[in-house]
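Inside the fold
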Amino acid sequence: MLRTHTCGQLGEGQIGETVTLCGWVDTYRDHGGGLFVDLRDRYGLTQVVFNPPDTPAEVIEASKTLRAEFVLQVTGTVAARPEGMANAKMATGKIELRVTGYELLNKSLTPPVSPSGKEEVPGEDLRLKHRYLDLRRPEMQKVMMQRASIIKGMRDYFAERDFIDIETPVLGRSTPEGARDYLVPSRVHRGAFYALPQSPQLYKQILMVAGYDRYVQVARCFRDEDLRADRQPEFTQLDVEMSFVDQDDLLALIDGLVAKLAKEELGIDVPTPLPRMTYDEAMERFGHDAPDLRFGLELIDCTDLASEAEFRVFSAVAKSGGRVRGINAKQGTKHFSRRGIDGLTKYVAEYGARGLAWFRVEDDGKLNSTIAKNFTPELLEKFGERMDAEPGDLLLFVADQYEVTCKALYALRSKIGREMELYDPKTMNFSWIVEFPMFDYDDEAKCWHAMHHPFTAPLADHLEMLETDPGKCRAQAYDLVINGSEAGGGTIRIHDAEIQKKVFTLLGIDEKTATERFGFLLDALQYGAPPHGGIALGIDRWVMLFAKLDNIRDCIAFPKTQKASDLMTEAPGEVDTMQLKELHIKLDE
RNA sequence: GGCGCCGUAGCUCAAUUGGUUAGAGCACCGGACUGUCGAUCCGGAGGUUGCGGGUUCGAUUCCCGUCGGCGUCGCCA
């Protein structure tokens, strides 16, 4: 070992000891007669002092060439700092290392991204290009360590409960369900391609058939879709599958994990079982299947009242099967000026809303707006009652098809909640959304799609609806929601060939297609498949939420940019024509 | 693919309605200094204003295109 201690380790207990530290020059302070260096490693900072009489003159002389991010091995004596010189801001601030000699292990160019807190954090493109410097920043190291701790906490939790960690292939076959696949051309099989897994879904079900009744894996997954602040093309799931369990067993298992990690990582007690809400209720009350439950501002239906209004925008929508729903921004008139409301109107337009109807609640309790003349006073009063209107409130309505009111009002609710600071961003909220629809209808293709995946089991008492009313059929599917983010999701799977056949029929997948796409799973299910189900947790998002970060890149060591490139390695890159030839690939142009 | 924001010194930013030689802090280089801790003081160097085109007597500023970063819609079973 080149060192005896780390830079975060020394304290008054080691005073008088001769020690050797290794680390990077965080800052240096040259005083002519001597100099001070704050030496950094991932454990902390220690002040090392090159001063007479402890440090020989020639060592002091040499130390004057030290610069930021040089790598040093320093040996010296741990000493208490002189009277009044302790630094309360440093964990090691009561002591210092009086250097007797040092070895320059390496030099550094002037860093474009400064790992010390001395310069402001540069733009993200530079941070990604010089990721080795960015990752050297204590803030980033803290997140990486927290990520490791969360993953270890998960692994321990499942290991303690007899789960077996089994790896599944990264090179698999493409199944046209779901997201766009990343493809890998086969050299051996001309014209054939592997696909990188969107999740180990089919393998883990096969493992259940194989009798490994408790499976867990930290699995890398790939989806070739456009990126977002909380979405990367490759991401990590904590993948779990169990046999001989029902939905309650699965949820209780994850409840325990949430409680454990919330306690260990954040020091908070999360009561279990976590609250559960059905999908239908979430859509009705919040307009979204992953509502942020840290604040209210719920959606309130006024379709019945709207149908009575002279106001054509309301009545026409109400009478043609649409919905008129609103939210009450409590005391929002102070926060949103007329101009601010115009801004909100533009905002909901991005989500397909054709307009935003609004009322201010005046001091006398009456609703006032440019559109108020289209309503009788009696009707306005009814709206006020329904919306729980009080003086100072701002009522906002969207009239449109149900889906549009959901999207627009969900977005509006999130924006207003954030801007009016209706919740403390530090608080954590965990909950389950359950009973997702089995299918949604594709208007363009005029067919049903599996909402989760085609092996999802319907609720036991919804079996008949597979034939009578697929749109109402609900699934044994559940999502874990943390602070309005989908942090995990899973289902109980179909293990009955008859039900599976019905689902395929409904999805328009004939026997031939089913065999082509996932014949191996259907085969396996015929050889004694146990009842089984599972869940996958988005580890990157967990870390993002636990670390209070606002984007997922900051909790991934080497993330991709919005255009899915790696600025450090410059991946993806072009390849040699020879490589393409071997893969039987010709490019256009 | 659509919409929006951004791009000026190594880094973070500034620059009047479009007007002289594009500035500041930090970093860097040289010097001074025996206790600092974002050390301080003195001096210096550092620019294809992302790139290409246009408007103009004159463009960092206005317009078009393009590249890149971010956010978002579509997309993401």
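Note: the structure precedes this text.
Everything quoted here is computed from the prediction, not taken from an experiment.

Examining the nonpolar core
Within the largest apolar cluster, 76 residues are counted, with the highest numbers of intra-cluster contacts made by F158, L480 and W542. Counting residues per element, this core draws most heavily on helix α6 (residues 247–266), which supplies 8 residues. Those residues in contact with W542 that lie beyond four places of it in its chain are M154, L257, V258, L261, L480, I482, A487 and L537.

Quick word on the packing of helix α7 (residues 279–286) against helix α13 (residues 402–419)
Closest axis-to-axis distance for the α7/α13 pair is 8 Å, and the angle between their directions is 65°. Taken as axis vectors, α7 and α13 run roughly perpendicular relative to one another. Counting all contacts with α7, which are made through M283, E284 and F286, the residues of α13 involved are Y402, C406, Y410 and R413. Across the contact of α7 with α13, the residue classes tally to 5 nonpolar, no polar and 2 charged.

A short note on unusual backbone geometry
Following P52, the chain continues to P53 via a peptide bond in cis, the omega torsion being 5°. When you line up the elements, P53 lands in the loop between β3 (44–50) and α1 (57–63). Between T272 and P273 the backbone carries a cis peptide bond, its omega angle lying at 0°. Structurally, the position occupied by P273 is in the loop between α6 and β11 (276–278). Unusually for a residue other than glycine, E421 sits at a positive phi of about 50°. If you trace the backbone, E421 turns up in the loop between α13 and β17 (430–434).

Some remarks on the sheet that holds β17
With respect to topology, 8 strands assemble into an open sheet ordered β6-β9-β10-β22-β21-β20-β17-β11, the strand pairing being mixed. Two strands in the sheet have a free side with no partner beyond their single neighbour: β6 (164–165) and β11. For strand β21 (residues 485–492) and strand β22 (residues 532–538), the ladder comprises 5 bridges, and the chain directions are antiparallel. Each bridged residue has a counterpart across the sheet, and for T491 the counterpart in β22 is G534. In the packing of helix α5 (residues 201–209) onto the sheet, the strands contacted are β9 (214–222), β10 (234–243) and β22, and the crossing angle to β10 comes to about 20°. Docked against the sheet, α7 engages β11 and β17, running at close to 80° with respect to β11.

Points about helix α11 (residues 338–349)
Along its 12 residues, α11 runs 17 Å from first to last C-alpha, staying within 8% of the 16 Å computed at 1.5 Å per residue. Among all positions in α11, only I341, L344, Y347 and V348 are buried. Along the axis of α11, the buried positions cluster into a sector of 110°, meaning they face one direction only. Of the exposed residues in α11, those oriented more than 90 degrees away from the buried face are R339 and K346.

Considering the environment of A536
Mapped onto the elements of the fold, A536 is located in strand β22. For the pair A536 and T236, spaced 300 residues apart in the sequence, the C-alpha separation amounts to 9.6 Å. Setting aside residues no more than four positions away along its own chain, A536 makes contact with Q237, L238, D239, G488 and G489.

Re a nonpolar patch on the surface
On the surface, a nonpolar cluster with roughly 300 Å² of combined accessible area is contributed by Y132, F558 and M568. The residue M568 is located in the loop between α17 (539–546) and α18 (577–582) in this model. By relative accessible area, M568 is classed as partly exposed at 30%.

A look at the protein's contact with RNA strand B
With respect to spatial proximity, 53 residues lie near RNA strand B, and among them M85, E96, E225, M451 and H452 are the closest. Between a base oxygen of RNA strand B and a side-chain N or O atom of Q47, the distance comes to 2.8 Å. Contact distances for RNA strand B include 2.6 Å between a phosphate oxygen and a backbone N or O atom of G123. Considering each element in turn, the surface near RNA strand B owes the most residues, 4 residues, to strand β1 (residues 18–30).

Focus: the sheet that holds strand β5 (residues 95–106)
Taken in spatial order, the 5 strands of this closed barrel run β1-β2-β3-β5-β4, and their pairing is mixed. Neighbour-to-neighbour, the strand axes of this sheet turn through a mean angle of 55°, independent of strand direction. The pairing of β1 with strand β2 (residues 35–41) spans 6 bridges and is classified as antiparallel. For T27, the partnering residue across the bridge sits in β2 and is D38.

Section: the pairing of β9
One ladder, built from 2 bridges, connects β6 with β9; its direction is parallel. By the bridge assignment, D165 is partnered in β9 with V216.

Digging into the pattern of salt bridges
Between side chains of opposite charge, a pair can form as their charged atoms come close. Tallied over the full model, the rule gives 45 salt bridges. Between R147 and D540 there is a salt bridge, with the nearest N and O atoms lying 2.9 Å from each other. With R147 in helix α4 (residues 138–159) and D540 in helix α17, the pair connects residues that are 393 residues apart, well separated along the chain. Each of the two residues, R147 as well as D540, counts as buried.

Notes on the packing of aromatic side chains
Aromatic ring pairs are defined here through the distance separating the ring centres and the angle between the ring planes. Taken as a whole, this structure holds 23 aromatic pairs when the rule is applied. The interplanar angle of 70° and the centroid separation of 4.9 Å between the aromatic rings of Y441 and W448 together place this pair among those described as edge-to-face. Centre to centre, the rings of F504 and F518 are 5.6 Å apart; their planes meet at 10°, and the pair counts as stacked. Separated by 14 residues along the polypeptide, F504 in helix α15 (residues 497–506) and F518 in helix α16 (residues 511–525) bring together distant segments of the chain. F504 gets classed as buried once you look at its relative accessible area, which sits at 6%. Aromatic ring contacts, followed pair by pair, group F311, F314, F359, F375, F383 and F397 into a single cluster.

Examining the pairing of β22
Of all 7 residues making up β22, 7 are buried, and the element is well covered by its neighbours. Residues of β22 alternate between two faces, with H532, G534, A536 and G538 on one and G533, I535 and L537 on the opposite face, all of them buried. As judged from the 7 bridges shared by β10 and β22, these two strands associate in the antiparallel manner. Its bridge partner lying in β22, L238 is registered against L537.

Rules used in this analysis
- Residues numbered from 1 in each chain as written.
- Chains lettered and ligands numbered in written order.
- Predicted model: local features only at pLDDT ≥ 70, side-chain atom pairs only at ≥ 80, totals over all residues.
- Heavy atoms only, no water.
- Core = buried A, V, L, I, M, F, W, Y, C linked by side-chain atoms within 4.5 Å.
- Buried < 20%, exposed > 50% of the residue type's maximum accessible area, 1.4 Å probe, protein only.
- Helix = DSSP H or I, 4+ residues; strand = E, 2+ residues; numbered from the N terminus.
- Contact = heavy atoms within 4.5 Å.
- Axes fitted to C-alpha atoms, helices over the stretch in contact; angles between N-to-C directions.
- Parallel < 35°, antiparallel > 145°, perpendicular 65-115°, else oblique.
- Nonpolar A, V, L, I, M, F, W, Y, C, P; charged D, E, K, R; others polar.
- Pairing = 2+ DSSP bridges.
- Expected span 1.5 Å × (residues − 1).
- Arc of directions from axis to C-beta.
- Patch = residues over 30% accessible without salt bridge, like charges linked within 9 Å, V, L, I, M, F, W, Y side chains within 5 Å.
- Areas by Shrake-Rupley, 256 points an atom, 1.4 Å probe, with all protein chains shown as cover.
- Salt bridge = Lys/Arg side-chain N within 4 Å of Asp/Glu carboxyl O.
- Near = heavy atom within 4 Å.
- Polar contact = N/O pair within 3.5 Å; in protein donor to acceptor, adjacent residues only side chain to side chain.
- Phe/Tyr/Trp six-rings, centres within 6.5 Å; stacked < 30°, edge-to-face > 60°.

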